[in-house]
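Structural overview
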Amino acid sequence: MPFTHRLANEADLPALKALMETSIRQLLPQFLSAEKVEASFAVMGVDSQLIADGTYFVLEEDGVLAGCGGWSRRATLFGGNHTAGRDARLLDPATEAARVRAMYTSPAFTRRGVGRRIIELCEAAARAEGFTRTELGATVGGEPLYRVCGYTPIERMEVPTPSGVTVPITRMGKDLT
Ligand SMILES: CC(C)(COP(=O)(O)OP(=O)(O)OC[C@H]1O[C@@H](n2cnc3c(N)ncnc32)[C@H](O)[C@@H]1OP(=O)(O)O)[C@@H](O)C(=O)NCCC(=O)NCCS
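One structure accompanies this document, and this report is about it. Source: prediction; values computed, not measured.

Right, let's talk about the overall build of the chain for a bit. Helix and strand content of the chain: five helices and seven strands. Starting at the N terminus, the α and β elements of the chain follow one another as β-α-α-α-β-β-β-α-β-α-β-β. A compact globule built from 177 residues should have a C-alpha radius of gyration of about 16 Å, and the chain, at 15 Å, falls within 12% of that. Taken along the three principal axes of its C-alpha coordinates, the chain extends 40 × 40 × 30 Å. The burial tally for the chain puts 36% of its 177 residues in the buried class.

Here you go:
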């Protein structure tokens with residue numbers, strides 16, 4: 001594995017935003033119509049809270065950003081700073097599932113294990129804080145990765161967006177024990 005990882009910081013924000021935009025535009029059209037890809041921007045993107053919490057990772061190869069993703073001890077299941085329905089409530093590790101959040105791989109680095117590695121980092125960090133379960137809100141493009149990492153579907157949702165177009169998101173979960 002040639003990739004190195006570190007926690008993201010505020011200085012990474014422009015590069016993270018650019019990576020997310022490219023990843024959504026280039027990788028989601030395999031799975032969604034053009035109008036649903038456009039609508040996906042309302043339910044995806046940078047969540048600065050994850051960076052502030054120190055729970056957001058970047059993976060790099062020779063200093064080049066290959067992917068990003070994180071986990072959270074807060075209730076928000078998916079989305080960016082601008083997404084409706086955010087909930088910063090702290091979760092109880094004894095009774096609730098930590099979140100896996102905002103996973104994006106650069107199109108130049110797909111299918112090289114970047115996503116899988118970030119999920120491993122997230123699960124290890126959540127476990128270290130006492131969580132025994134993780135949950136996430138998967139796009140249709142993310143679902144194959146999560147399935148192969150042991151996540152199973154809990155609920156399928158059609159999430160409304162301001163444009164009126166809905167975006168399919170699947171709540172998925174995994175026991176870490
Ligand atoms: C989902 C995403 C993060 C996967 O990143 P990745 O770094 O390419 O994933 P990995 O290389 O770790 O893939 C691990 C396994 O997941 C599965 N997988 C990943 N992408 C897949 C795809 N497009 N189609 C089918 N299976 C896929 C495969 O089993 C893969 O193993 P393999 O390559 O040996 O067959 C990336 O496609 C992405 O950024 N998508 C757009 C943004 C997005 O929707 N993110 C998810 C938000 S919930």
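Right, let's get into the site of the ligand. Near the ligand lie 22 residues; those nearest to it are Thr 105, Gly 115, Arg 116, Gly 142 and Pro 144. When contributions to the shell around the ligand are tallied by element, the ones reaching two or more residues are helix H1 (13–27), strand E4 (98–105), helix H4 (114–128) and helix H5 (143–148). In terms of residue class, the shell around the ligand is made up of 10 nonpolar, nine polar and three charged.

Attention now goes to the sheet that holds strand E3 (residues 64–72). Pairing is mixed across the open sheet formed by seven strands, whose spatial order is E1-E2-E3-E4-E5-E7-E6. Of all strands in the sheet, those bounded by a partner on one side alone are strand E1 (4–7) and strand E6 (152–159). The average undirected angle you get between the axes of adjacent strands in this sheet is 25 degrees. One ladder, built from seven bridges, connects E6 with strand E7 (residues 167–175); its direction is antiparallel. In the sheet register, Val 159 faces E7, and the bridge partner there is Val 167. Along the sheet, H4 contacts E1, strand E2 (56–61), E3, E4 and strand E5 (133–138); its crossing angle with E3, the most-contacted strand, is approximately 35 degrees.

Attention now goes to the pairing of E3. Regular strands show a simple pattern: their side chains alternate between the two faces of the sheet. Counting buried positions over the nine residues of E3 gives eight, a clear majority of the element. Strand direction decides the pairing type here: E2 and E3, joined by six bridges, are antiparallel. Bridge pairing links Tyr 56 to Gly 70 in E3. Linking E2 back to E3 in an antiparallel pair, the connection comprises two residues, with Asp 62 at a positive phi of about 50 degrees. Relative to E4, E3 runs antiparallel, the two being bridged by five bridges. If you follow Cys 68 over to E4, its bridge partner there is Tyr 104.

By size, the foremost hydrophobic cluster in this structure holds 42 residues, and its most contacted members are Ala 8, Phe 57, Cys 68, Ile 118 and Leu 136. In contact with Leu 136, other than residues within four places in its own chain, are Leu 77, Arg 99, Val 100, Arg 101, Tyr 146, Tyr 151 and Met 172.

The backbone of Ala 102 sits at a positive phi, close to 45 degrees, despite the residue not being glycine. Phi is positive for Arg 111, which is not a glycine, with a value near 60 degrees. Among the secondary structure elements, Arg 111 is positioned in the loop between E4 and H4.

Bringing H1 into the picture now. The end-to-end C-alpha separation of H1 is 21 Å, in line with the 21 Å expected for 15 residues at 1.5 Å each. Turning to H1, the residues buried within the fold contact helix H2 (34–40), E3 and E4.

Here we come to the environment of Ala 102. Looking at the secondary structure, you find Ala 102 in strand E4. Sequence-distant contacts of Ala 102, defined by excluding residues within four places in its chain, comprise Asp 47, Leu 50, Gly 69 and Gly 70.

It is worth spelling out H4 at this point. Here H4 contains 15 residues, and its C-alpha end-to-end distance of 21 Å stays within 8% of the 21 Å for a straight helix at 1.5 Å per residue. The inward-facing, buried residues of H4 contact E2, E3, E4, E5 and H5. In the stretch just after H4, Gly 130 is the one whose phi turns positive, near 95 degrees.

Conventions we followed
- Residues numbered from 1 in each chain as written.
- Predicted model: local features only at pLDDT ≥ 70, side-chain atom pairs only at ≥ 80, totals over all residues.
- Helix = DSSP H or I, 4+ residues; strand = E, 2+ residues; numbered from the N terminus.
- Rg over C-alpha atoms; globule rule 2.2 N^0.38 Å.
- Buried ≥ 20, exposed ≤ 12 C-beta atoms within 10 Å, placed from the backbone.
- Near = placed C-beta within 6 Å.
- Nonpolar A, V, L, I, M, F, W, Y, C, P; charged D, E, K, R; others polar.
- Pairing = 2+ DSSP bridges.
- Axes fitted to C-alpha atoms, helices over the stretch in contact; angles between N-to-C directions.
- Contact = placed C-beta atoms within 7 Å.
- Core = buried A, V, L, I, M, F, W, Y, C linked by C-beta atoms within 7 Å.
- Expected span 1.5 Å × (residues − 1).

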